[in-house]
Amino acid sequence: MAAPNVRTSSFSRNISVVSSSPQIPGLKCGPNGTTFISTGIRDLDRILGGGYPLGSLVMVMEDPEAPHHMDLLRTFMSQGLVNNHPLLYASPSKDPRGFLGTLPNPGSSKEDKPTAPDLDQGESLRIAWQYRKYMENQKSSIDDYSNDFDMRKPLERQFLAGRPIDCVSLLDSSDLSVAQDHCATFLSKFPRLNSSNIASIGRIAIQSFCSPLCEYSDKESDMLSFIRLLKSMLMVSNAVAIVTFPPSMLSPSSSTRLQHMADTLLSIKAIPDGDKELEKLLTGYKDINGFLNIHKVARINTQVPVIPEAKTFSMSLKKRRFLALECLNQAPVDGSSGTSYGTSGSCSGSSKSGALDF
Amino acid sequence: MDRSVNLLDLALGFDEPSPLRGKVVLIEDCVETSGSFVLHQMMKRVLSPHSSDSLIFLAFARPFSHYDRVLRKLGCNLATQKTNNRLVFVDMLMMQCSDNESGVAKLFREIQGTVGKLRSVTNSNITVMVDDMSLLEIAAANSNSDHVLDFLHYCHTLTSESNCSVVTLNHEDIYSSMERPAYLLQMVCLADIVIKAEPLASGLANDVHGQLTVVNKGMISSKSGKGSSRNKLQNFQFRIKENGIEYFYPGCSRN
């Protein structure tokens, strides 16, 4: 009998949105003395139990057929810029600064929501009085922890000008020592002295770490050593690093090593084009851009694993602008076809089986 | 003090005194299911107030603060044990070896020195624990798995000469995909007890976090009176909580 909530002990923790210091927006207290920062995607924050904890290493396994790991990087970086967290960005491109122009701007996805009734019209809409408080909560979507990002609008200049952004090109040198020095210098600005007093926090985003464009891409032991040192430095800093890599470019054992080093491990899966079987199984197939798999969730200062509500989520754009992650919904079963319970592996995590509840 | 013996303790032979003396224990895990909780349990047993055993802990994966918090919830205060000299915590997070020589020989000499110092003070069991052999390979052995095996052989000499126990955790799925299956086999061969943590065949679940398979070679049952030795293989499931682990056979509630 599975419990609906993840309970680590008989006490349920009160996770409140409290900024530990008035100068640093975008922090939230987590369990076991950890502090979360937002991923930039509200749904992902909720799925991971709050966000990315400070001191953790997030690894994202890319799918060569889908560019959606860039969306994870973009929202992460934009959220950091909106919250004024210093940023270090590295990528295998000659001009990494150009990527900053593709970052999304905060927007509100709940602006013109027709279903949320005004309080004045409470009489015309017959809601029982005890449910009115839930309707009110939907309005308060503005807080300084996380934002909804409008993927079609570029980030406004006020968030880019004068912000501490360090861009490093991984093509510059033949080995990783330059990148390692940059990371070490960056992380030395956010030492973790004790968990209660946080002076400042930083974000590191590294894109396509093992890209074959880089000269070091055949030296797997160097790459593993770099990630290991990055993780060790992170554990004693108040920062989060997100590293994306294409597992097909590495040997299986090196890819598994990187997966073990990650605190939070995600992967992107492309949606096959025009797959008739999948189209029959899922609702909203046409809106889905790709799948996001949650393999591991960070457990710092605790031995209890975090079990997410599902392993696979669909990535789609709401109103073609706002990223949303949803549990996979099984389409209503066509009684005549007879293949009612044959779900593919990726759909096995579906929890919203409303269509099948007889 | 909690003296109830759970399934893991029985499989390891903890119902007798000093069950790990002179033994090598290998914990295997994979990406889906982490075996670090077994390490925590063994740390707690070694540092329990009922024994006077000592622990040398080489930390490659997590800093002291993490282990301190985890063990505190399990009822063991690592900071106190450090001051009592029952725990020697070696932080290997930033260790790097130079290109030419392998760091495992140097690492072993340090361990040997520490064991010698502890031996001069106490006569009870000393346990050497490594929390991640694959990170040791990257840090100290320049990604050369032969050197890691050498290191294990060096530590094995400690078990016979100084009556120490060695406990290591290895990520089995890294090596099972390599072209060298012999590496894993050699590690399993060297170990007296192998504890393997795997996910359930049915996938993720909130109330059962995985299954453990324990192979205890040459477990001697003293209850029969004649000391008959036999291999014991046990398989059971577990659920991890903040303050302990529940072990149970599939389909049963906890024992």
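Conventions and cut-offs
Each chain has its residues counted from 1, following the order in which its sequence is written. The lettering of chains begins at A and the numbering of ligands begins at 1, in the order of writing. Whole-chain, interface and lining totals are the exception, using all residues; otherwise, since this is a predicted model, local features are given only for residues with pLDDT of at least 70 and side-chain atom pairs are given and counted only at 80 or more. Just so you know, side-chain values use all the structure's heavy atoms and leave hydrogens and water out. Helix and strand labels come from DSSP, where a helix needs a run of H or I of at least four residues and a strand needs a run of E of at least two; each type is numbered from the N terminus. Residue exposure (1.4 Å probe, protein chains only): buried if accessible area is under 20% of the type maximum, exposed if over 50%, otherwise partly exposed. Only heavy atoms matter for contacts: two residues are in contact if any of them lie within 4.5 Å across the pair. Salt bridges are identified by distance alone: a Lys or Arg side-chain nitrogen within 4 Å of an Asp or Glu carboxyl oxygen. By nonpolar core we mean a set of buried residues, namely Ala, Val, Leu, Ile, Met, Phe, Trp, Tyr and Cys, connected to one another through side-chain atoms within 4.5 Å. Once two parts are joined, some of their accessible surface, as seen by a 1.4 Å probe, is lost; buried area is that loss totalled over both. Under the rule applied, a polar contact is a pair of N or O atoms within 3.5 Å (in protein, one hydrogen donor and one hydrogen acceptor; residues adjacent in sequence only if both atoms are side-chain atoms). Two strands are said to pair when DSSP picks up at least two bridges between them. Residue-level confidence of the predictor, termed pLDDT, takes values from 0 up to 100. Helices are assigned an expected span. That span is 1.5 Å times one less than the residue count. Ring pairs are drawn from Phe, Tyr and Trp, using the six-membered ring of Trp, whenever the two centres fall within 6.5 Å, and their geometry is named by plane angle: stacked under 30 degrees, edge-to-face over 60, tilted for the rest.

Draft legend 1. The arrangement of the overall build of chain B in detail. Counting secondary structure elements, chain B contains nine helices and nine strands. Residues counted as buried form 54% of the 255 residues belonging to chain B. Sequence separation of 24 or more characterises 70% of the internal contacts of chain B that already satisfy a separation of 6 or more.

Draft legend 2. Molecular detail of unusual backbone geometry. Backbone geometry places N84(A), a non-glycine residue, at a positive phi of 60°. Relative to the assigned elements, N84(A) resides in the loop between α2 (69–82) and β5 (87–91). Even without a glycine there, the phi angle at N85(B) is positive, about 65°. The residue N85(B) is located in the loop between α4 (78–83) and β3 (87–91) in this model. We classify N85(B) as exposed; its relative accessible area is 55%.

Draft legend 3. Quick look at the pattern of salt bridges. Counted according to the given criterion, the structure contains 13 salt bridges over all chains. Across the pair D150(A) and R321(A) runs a salt bridge whose closest N-O atoms are separated by 2.9 Å. Of this pair, D150(A) sits in strand β7 (residues 148–154) while R321(A) sits in the loop between β13 (312–318) and β14 (322–327), and the two are 171 residues apart along the sequence. Residue classification places D150(A) among the buried residues on the basis of a relative accessible area of 3%. A salt bridge links D263(A) to R62(B), with the nearest nitrogen and oxygen atoms 2.8 Å apart. Of the two residues, D263(A) sits in the loop between α7 (252–261) and β11 (264–270) while R62(B) sits in the loop between β2 (54–59) and α3 (64–74), which places them in two different chains.

Draft legend 4. Spatial organisation of the nonpolar core. Ranked by size, the top nonpolar core spans 76 residues in total, and within it F209(A), L230(A), L136(B) and F151(B) carry the most contacts. If you tally residues by element for this core, the top one is helix α6 (residues 220–235) of chain A, at seven residues. The contacts of F151(B), once residues within four sequence positions are left out, are L58(B), V104(B), L107(B), F108(B), I111(B), V130(B), M133(B) and L136(B). One finds F76(A), L292(A), I294(A) and L323(A) within the second-largest nonpolar core, a separate group that totals 47 residues.

Draft legend 5. Representation of helix α2 (residues 36–46) of chain B in the model. Counting buried residues along α2(B), nine of its 11 residues qualify, which places the element largely inside the surrounding structure. Regarding α2(B), the residues found buried are S36(B), F37(B), V38(B), L39(B), H40(B), Q41(B), M42(B), M43(B) and V46(B).

Draft legend 6. Focus on the interface of chain B and chain A. Each partner contributes to the interface: chain B provides 44 residues, whereas chain A provides 39 residues. Note on chain B versus chain A: buried area summed over both sides is about 3,300 Å², and carbon and sulfur give 57% of it. Sorting the residues of chain B by area buried against chain A places V31(B), N206(B) and E242(B) first, and these three jointly supply 20% of that buried surface. The tally of links between chain B and chain A comes to 17 residue pairs in polar contact (both at pLDDT 80 or more). Contributions of two or more residues to the side of chain B that touches chain A are made by α2, α3, α6 (133–140), α8 (172–176), β8 (228–241) and β9 (244–248) of chain B. Counting residues per element, the side of chain B that touches chain A draws most heavily on α3(B), at six residues.

Draft legend 7. Spatial organisation of the pairing of strand β10 (residues 239–245) of chain A. Residue and element names in this part refer to chain A. In terms of burial, β10 is largely enclosed, as seven of its seven residues are buried. Judged by which residues are buried, β10 turns out to be covered on both faces: A239, A241, V243 and F245 on one side and V240, I242 and T244 on the other are all buried. In terms of strand pairing, strand β4 (residues 57–61) meets β10 through five bridges, oriented parallel. Residue pairing across strands places V58 opposite I242, the latter belonging to β10. Relative to β10, strand β9 (residues 202–206) is paired through five bridges, and the arrangement is parallel.

Draft legend 8. Up close: the confidence of the model for chain A. Residue and element names in this part refer to chain A. With 76% of its residues at a pLDDT of 70 or more, chain A shows a mean pLDDT of 80. For the stretch residues 16–22, pLDDT sits under 50, and the model shows 14 contacts to residues farther than four places along the chain or on other chains. Across residues 337–358, confidence stays below pLDDT 50; counting only partners more than four residues off in sequence or on other chains, it has 24 contacts.

Draft legend 9. Region of interest: the confidence of the model for chain B. All names here are of chain B. Of the residues in chain B, 88% reach a pLDDT of 70 or more, and the chain-wide mean stands at 85. Every residue in residues 224–229 scores below 50 in pLDDT, and together they form seven contacts with partners more than four places removed in sequence or on other chains. Predicted as a complex, the structure gets a pTM of 0.84 and an ipTM equal to 0.90.

Draft legend 10. Molecular detail of α2(A). Residues and elements named next belong to chain A. The end-to-end C-alpha distance of α2, which contains 14 residues, comes to 20 Å, matching closely the 20 Å that a straight helix rising 1.5 Å per residue would cover. With 14 of 14 residues buried, α2 lies mostly within the body of the structure. Backbone geometry just downstream of α2 places N84 in the positive-phi region, at approximately 60°.

Draft legend 11. Representation of the sheet that holds strand β3 (residues 52–53) of chain A. Residue and element names in this part refer to chain A. With antiparallel pairing, three strands are arranged side by side in an open sheet as β1-β2-β3. Because the sheet does not close on itself, it has two edges, and the strands there are β1 (27–29) and β3. Of the strand pairs in this sheet, strand β2 (residues 35–37) and β3 are connected by two bridges, and their pairing is antiparallel. When the bridges of β3 are listed, I37 appears paired with Y52.

Draft legend 12. Expanded view of the packing of aromatic side chains. Scanning all chains against the criterion turns up 13 aromatic pairs over all chains. Ring geometry for F209(A) against Y216(A): centres 6.0 Å apart, planes inclined by 40°, an arrangement best described as tilted. What makes F209(A) buried here is its relative accessible area of 1%. Ring centres 5.4 Å apart and planes at 15° place the aromatic pair F57(B) and F89(B) in the stacked group. Taken as a pair, F57(B) in strand β2 and F89(B) in strand β3 lie far apart in primary sequence, 32 residues in all. Judged by relative accessible area, which is 0%, F57(B) ranks as buried.

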